Every structure is written in C-alpha cells, then in structure tokens.
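Here are the chains, one letter per residue:
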Amino acid sequence: QVQLVESGGGLVQAGGSLRLSCAASGSMFNINAMGWYRQAPGKQRELVAAITSGGSTNYADSVKGRFTIARDNAKNTLYLQMNSLKPEDTAVYYCNAVIVFPRPLRDQELWGQGTLVTVSS
C-alpha cells in the first residue's frame, strides 16, 4: 500500500514564498505522472501543475512564472515551489500521483490529505 504525505503549508504574506512537499511511501511500485491541485472554499478543484515521469511540466495560466513543480525520483518526492504568492492563491493544496504496481500489473490514483496555504494581503 502506497501513501502520499504532504507538508509545507502555512500562512504567508503576499509576495512571499512557500514550498510544498509530497512524499510517497511504500514499496514495489513506480510513479508515473504527479501533480498538484488546489481547491478554495466554494470553488472548483483545479490543476495547478503537473509533471511526467520524464520531467515534462505543465502549469495553470494563473501560476505560470511564479510556481515551479519538481520531483526527486530517488526519494519518491514531489515539490511545489511557490513564489510571489497572492491572496488568490489561498486554498487547500492536494498532491496527486498515478502509481503503477508490477505484480499483478495495475495502476492506482492516489491523493494526499491536503495542506492549507493561506496568503494574507
């Protein structure tokens, strides 16, 4: 069984920076794509950034140029570096990953528990 554990959320002033981490624990698996989603109260969940197993990245227009997604495959860890934060970035951020198990061959989509990011003006 694989679990995703998130950390790094908190309160920060507008213009500040924060780094989120998502660590996958377990064995006998490979991680395909990974991504960060966020959801503000009363709003739809949206994809913030995604990264493939090969390192290709994709960002929402609202965060492009400010956020950077990265992964450390040796540590099975995903990161989101958030710079120039705005109050509009306030949301619960969720880590997402597609896990592939070889025996038997199957995949599973996993979600982290969420970490709250609050940006004050």
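Asks: Even after reading the chapter, I still don't get the side chain of Arg 71, so can you show me in this structure?
Replies: You can see Arg 71 is positioned in strand E7 (residues 67-72). From its side chain, Arg 71 meets the backbone oxygen of Ile 31 in a polar contact 3.3 Å long.

Asks: Where do I start with the state of the cysteines in this structure?
Replies: What is meant by a disulfide is a covalent connection between two cysteines, made through their sulfur atoms. The final tally for this structure, using the stated rule, is one disulfide. Two residues share a disulfide in this structure: Cys 22 and Cys 95, whose sulfurs sit 2.1 Å from each other. When the S-S torsion is -75°, as for the bridge of Cys 22 with Cys 95, the disulfide is left-handed. With Cys 22 in strand E3 (residues 18-25) and Cys 95 in strand E9 (residues 91-102), the pair connects residues that are 73 residues apart, well separated along the chain. We classify Cys 22 as buried; its relative accessible area is 0%. Taking the relative accessible area as the measure of exposure, Cys 95 reaches 0% and is therefore buried.

Asks: It is not clear to me how the environment of Tyr 93 should be interpreted in this structure. Could you clarify?
Replies: Checked against the element boundaries, Tyr 93 lands in strand E9. Given a relative accessible area of 0%, Tyr 93 falls into the buried group. C-alpha separation for the pair Tyr 93 and Ser 7, spaced 86 residues apart in sequence, amounts to 9.9 Å. When neighbours within four sequence positions are excluded, Tyr 93 is seen to be in contact with Glu 6, Leu 20, Trp 36, Tyr 37, Arg 38, Val 48, Phe 67, Leu 80, Met 82, Gly 114, Thr 115 and Val 117. A polar contact is formed between the side chain of Tyr 93 and the side chain of Arg 38, at a distance of 2.9 Å.

Asks: What is the right way to look at the side chain of Thr 115 in this model?
Replies: Residue position: Thr 115 is located in strand E11 (residues 115-120). By relative accessible area, which is 10% here, Thr 115 ends up buried. Polar contacts involving the side chain of Thr 115 include one to the main-chain amide nitrogen of Gly 9, which spans 3.1 Å. When residues no more than four places from it in sequence are discounted, the contact partners of Thr 115 are Glu 6, Ser 7, Gly 8, Gly 9, Leu 20, Ala 91, Val 92 and Tyr 93.

Basis of the calculations
Residues numbered from 1 in each chain as written. Predicted model: local features only at pLDDT ≥ 70, side-chain atom pairs only at ≥ 80, totals over all residues. Heavy atoms only, no water. Helix = DSSP H or I, 4+ residues; strand = E, 2+ residues; numbered from the N terminus. Polar contact = N/O pair within 3.5 Å; in protein donor to acceptor, adjacent residues only side chain to side chain. Disulfide = S-S within 2.5 Å. Buried < 20%, exposed > 50% of the residue type's maximum accessible area, 1.4 Å probe, protein only. Contact = heavy atoms within 4.5 Å.

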